[in-house]
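These are the residues of each chain, in order.
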Amino acid sequence: MLLSVIIPCYNEEPVLRATHERLTSVLRGMTGVDYELIFVNDGSRDRTQEILAELQLFDPRARVLLLSRNFGHQIAVTAGLAEAAGDAVVIIDADLQDPPEVIPQMVQLWRDGNEVVYGIRIERDGESRFKLWTAKLFYRLINRLSETKMPLDAGDFRLLDRKVVEVIKAMPERARFLRGMVSWAGFRQVAVPYDRAARHAGDSKYPLMKMIHFAMDGIISFSLVPLKLAIWTGFLAIWIAVAGIIVAIADRLLDKNLARGWASLFVAVLFMGGVQLVSLGILGEYLGRIYTEVKRRPLYVVQERLGFPADTTTEMARAYEVNAR
Ligand code: UDP
Ligand code: MG
């Protein structure tokens with residue numbers, strides 16, 4: 001069997017050698033498994049490309065896919081999936097936060113007949129309390145809002161069977177929230193718990209704003225609930241208004257009408273204005289996404305490929321391009 005390991009890299013210069021070494025020692029130790037390492041350089045601005053090119057020179061199992069600019073983690077993984085030739089594919093971060101030592105366990109569970117083996121993070125070292133808390137909140141929120149049930153606290157560290165990879169490749173959407181897409185695909189999915197280490201070196205490439213965008217992508221691509229929210233707040237406001245009208249009429253009839261009510265009027269107008277703007281904003285989010293989807297641009301642009309067996313990859317890349325159209 002052939003196992004493809006996809007490693008998205010964005011400015012990972014300080015960790016790459018260690019990552020390559022640890023992956024190699026784990027994968028070499030597995031019997032009956034041949035493997036390829038697909039490093040996707042997501043438009044890094046440091047020496048990542050030089051280091052990868054050098055690693056590739058000495059390791060015939062390493063392949064390097066250089067994207068023409070930074071397209072983001074999820075797209076980088078997508079690019080890797082399009083190039084992977086394996087019967088199974090493992091997606092792993094470059095920073096050694098996901099321990100490669102878990103891979104044999106994943107492969108075992110795959111051999112036992114599971115098509116998806118996803119890592120569940122039990123411990124998360126070296127992450128801020130804020131990140132832990134927001135991540136926890138996010139996974140619970142998205143499960144509330146989405147019809148696709150996603151495992152809590154699972155990241156993108158996972159093994160996918162070829163069948164699942166083909167399903168993901170056939171999904172053309174631009175806003176790619178891979179963990180949701182994998183859940184959507186179905187098949188037999190099983191969890192393997194692991195402790196997530198601190199970053200081996202370098203800084204997180206997911207600053208707060210990127211995290212927020214990622215979370216919004218996830219929620220908006222997998223849920224229509226925010227759209228419905230506008231309807232429910234609208235109805236609520238109407239009921240409050242009806243109650244207000246009844247009170248006003250009663251006030252008038254009982255002749256207690258003193259020239260009060262400016263403040264409440266003002267608050268009501270402001271409140272409704274706010275609700276309307278928020279609703280418009282939500283509409284805009286969905287509309288904007290529809291707009292980017294209908295443009296039908298390719299998801300990414302490959303600048304350079306190193307170490308790929310030319311025949312199979314170009315064929316697969318072409319198949320992917322057709323799929324993406
Ligand atoms: N990454 C990427 N493109 C990006 C941001 C991140 O390919 O635009 C890669 C990064 O190199 C790493 C993985 O995605 O291998 C996860 O990123 P990071 O470790 O910074 O995220 P965190 O673990 O802090 O959530
Ligand atoms: Mg990380």
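Novice: Teacher, can you tell me more about the site of ligand 1 here?
Specialist: Surveying the vicinity of ligand 1 reveals 19 residues, the closest of which are Glu12, Asp95, Gln97, Ser204 and Lys205. Asparagine 70 is positioned with one of its side-chain polar atoms (N or O) 3.1 Å from an oxygen atom of ligand 1. With the chains in place, 97% of the 520 Å² that ligand 1 exposes on its own is no longer accessible. Among the residues forming the shell around ligand 1, the class breakdown is 5 nonpolar, 5 polar and 9 charged.

Novice: Can you walk me through the packing of helix α5 (residues 129-145) against helix α8 (residues 208-222) in this structure?
Specialist: The contact between α5 and α8 brings their axes to 10 Å, and the two run at 15°. Judged on the interaxial angle alone, α8 and α5 are roughly parallel. Here the hand of the crossing between α5 and α8 comes out right-handed. Every residue of α8 that contacts α5 at Phe130, Lys131, Phe138, Leu141, Ile142 and Leu145 is listed here: Leu208, Met211, Ala215, Gly218 and Ile219. The class makeup of the residues in the contact of α5 with α8 is 9 nonpolar, 1 polar and 1 charged.

Novice: Just to check I follow, could you spell out the coordination of the magnesium ion (ligand 2) for this structure?
Specialist: Geometrically, a metal with four donors at the corners of a regular tetrahedron has ideal angles of 109.5 degrees, and one with six donors at the corners of a regular octahedron has ideal angles of 90 or 180 degrees. Each protein donor to the magnesium ion (ligand 2) is listed here as Asp95 (OD) and Gln97 (OE1); together their distances run 1.9 Å. With respect to class, aspartate 95 is no different from glutamine 97; both count as buried.

Novice: Honestly, a nonpolar patch on the surface in this entry has me stumped. Any pointers?
Specialist: Nonpolar side chains collect at one region of the surface, where Ile231, Trp232, Phe235, Ile238, Trp239, Val242 and Ile246 lie side by side and expose about 800 Å² of accessible area between them. For isoleucine 246, the location among the structural elements is in helix α9 (residues 225-253). On the basis of relative accessibility, which here comes to 53%, the residue isoleucine 246 falls in the exposed class.

Novice: In this structure, what is going on with the sheet that holds strand β5 (residues 116-124)? I would like to understand it.
Specialist: Strand-to-strand pairing in sheets goes through backbone hydrogen bonds, with the strands running parallel or antiparallel. Strand order in the open sheet made by the 8 strands is β7-β5-β6-β4-β1-β2-β3-β8, with mixed pairing throughout. Each edge of the open sheet carries a strand with a single partner, namely β7 (189-196) and β8 (302-306). On average, each strand axis in the sheet is tilted by 20° relative to the strand beside it, whichever way the strands run. Pairing geometry for strand β3 (residues 62-67) and β8, over 4 bridges, is antiparallel. Residue valine 64 lies in a different strand from β8, and its bridge partner there is leucine 306. Taken strand by strand, helix α7 (residues 178-185) contacts β5, β6 (154-161) and β7, and its axis lies near 45° from that of β6.

Novice: Please explain the side chain of aspartate 95 as it appears in this structure.
Specialist: Assignment of secondary structure puts aspartate 95 in the loop between β4 (88-91) and α4 (103-111). There is a polar contact of 3.1 Å between the side chain of aspartate 95 and the backbone nitrogen of glutamine 97. Setting aside chain neighbours within four positions, we find aspartate 95 in contact with Glu12, Val15, Arg199 and His200.

Novice: Please clarify how α8 should be interpreted in this entry.
Specialist: An α-helical turn contains 3.6 residues, so any two residues separated by three or four positions project in the same direction. For α8, spanning 15 residues, the distance from its first C-alpha to its last is 21 Å, which sits close to the expected 21 Å at 1.5 Å a residue. The complete set of buried residues in α8 reads Phe214, Ala215, Gly218, Ile219, Ile220 and Phe222.

Novice: Please explain the pattern of salt bridges as it appears in this structure.
Specialist: Any two side chains of opposite charge can pair, given that their charged atoms come close. What the rule picks out here adds up to 13 salt bridges. Between glutamate 115 and arginine 188 there is a salt bridge whose closest N-O contact spans 3.1 Å. A residue pair is termed long-range when its members are at least 10 positions apart, and glutamate 115 in the loop between α4 and β5 and arginine 188 in the loop between α7 and β7 qualify at 73 residues. Residues joined by salt bridges that share partners form a network here, namely Glu115, Lys163 and Arg188.

Novice: Where do I start with the environment of arginine 140 in this structure?
Specialist: Within the secondary structure, arginine 140 is located in helix α5. Among the residues examined, arginine 140 registers a relative accessible area of 33% and is labelled partly exposed. Linking arginine 140 and leucine 152, residues 12 residues apart in sequence, is a C-alpha distance of 7.0 Å. Ignoring anything within four residues of it in the chain, the contact list for arginine 140 reads Leu152 and Asp153.

Novice: Help me understand the side chain of aspartate 59, please; the structure alone is not making it clear to me.
Specialist: Position of aspartate 59 among the secondary structure elements: in the loop between α2 (48-58) and β3. Of note is the side chain of aspartate 59, whose polar atom sits 2.8 Å from the backbone nitrogen of arginine 61.

Novice: Can you walk me through the environment of methionine 211 in this structure?
Specialist: Among the secondary structure elements, methionine 211 is positioned in helix α8. Taking C-alpha positions, methionine 211 is 9.2 Å from alanine 135, a pair spaced 76 residues apart along the chain. In this structure, methionine 211 is in contact with Lys131 and Tyr206, ignoring residues within four places of it in sequence.

Novice: When you look at the packing of aromatic side chains in this model, what are you seeing that I'm missing?
Specialist: The way to describe two aromatic rings as a pair is by their centre distance and the angle between their planes. In the structure shown here, the tally under the stated rule is 4 aromatic pairs. For the ring pair phenylalanine 138 and phenylalanine 177, a centre distance of 6.0 Å and an interplane angle of 90° mean the geometry is edge-to-face. Of this pair, phenylalanine 138 sits in helix α5 while phenylalanine 177 sits in the loop between α6 (162-169) and α7, and the two are 39 residues apart along the sequence. For the pair formed by phenylalanine 138 and phenylalanine 177, the shared burial category is buried. Among the aromatic residues, ring-to-ring pairing joins Phe138, Tyr139, Phe177 and Phe214 into one connected group. Across the ring face of tyrosine 35, the terminal group of arginine 61 is positioned such that the distance to the ring centre comes to 4.9 Å. When the ring centre of phenylalanine 308 is taken as reference, the NZ or CZ atom of arginine 305 above it lies at 5.8 Å.

Cut-offs and rules
Residues numbered from 1 in each chain as written. Chains lettered and ligands numbered in written order. Predicted model: local features only at pLDDT ≥ 70, side-chain atom pairs only at ≥ 80, totals over all residues. Heavy atoms only, no water. Near = heavy atom within 4 Å. Polar contact = N/O pair within 3.5 Å; in protein donor to acceptor, adjacent residues only side chain to side chain. Areas by Shrake-Rupley, 256 points an atom, 1.4 Å probe, with all protein chains shown as cover. Nonpolar A, V, L, I, M, F, W, Y, C, P; charged D, E, K, R; others polar. Axes fitted to C-alpha atoms, helices over the stretch in contact; angles between N-to-C directions. Helix = DSSP H or I, 4+ residues; strand = E, 2+ residues; numbered from the N terminus. Parallel < 35°, antiparallel > 145°, perpendicular 65-115°, else oblique. Left-handed = near helix turned anticlockwise from the far one by under 90°. Contact = heavy atoms within 4.5 Å. Donors = N, O, S within 2.8 Å, 3.2 Å for Na, K, Ca; no water. Buried < 20%, exposed > 50% of the residue type's maximum accessible area, 1.4 Å probe, protein only. Patch = residues over 30% accessible without salt bridge, like charges linked within 9 Å, V, L, I, M, F, W, Y side chains within 5 Å. Salt bridge = Lys/Arg side-chain N within 4 Å of Asp/Glu carboxyl O. Pairing = 2+ DSSP bridges. Expected span 1.5 Å × (residues − 1). Phe/Tyr/Trp six-rings, centres within 6.5 Å; stacked < 30°, edge-to-face > 60°. Lys NZ or Arg CZ within 6 Å of the ring centre and 35° of its normal.

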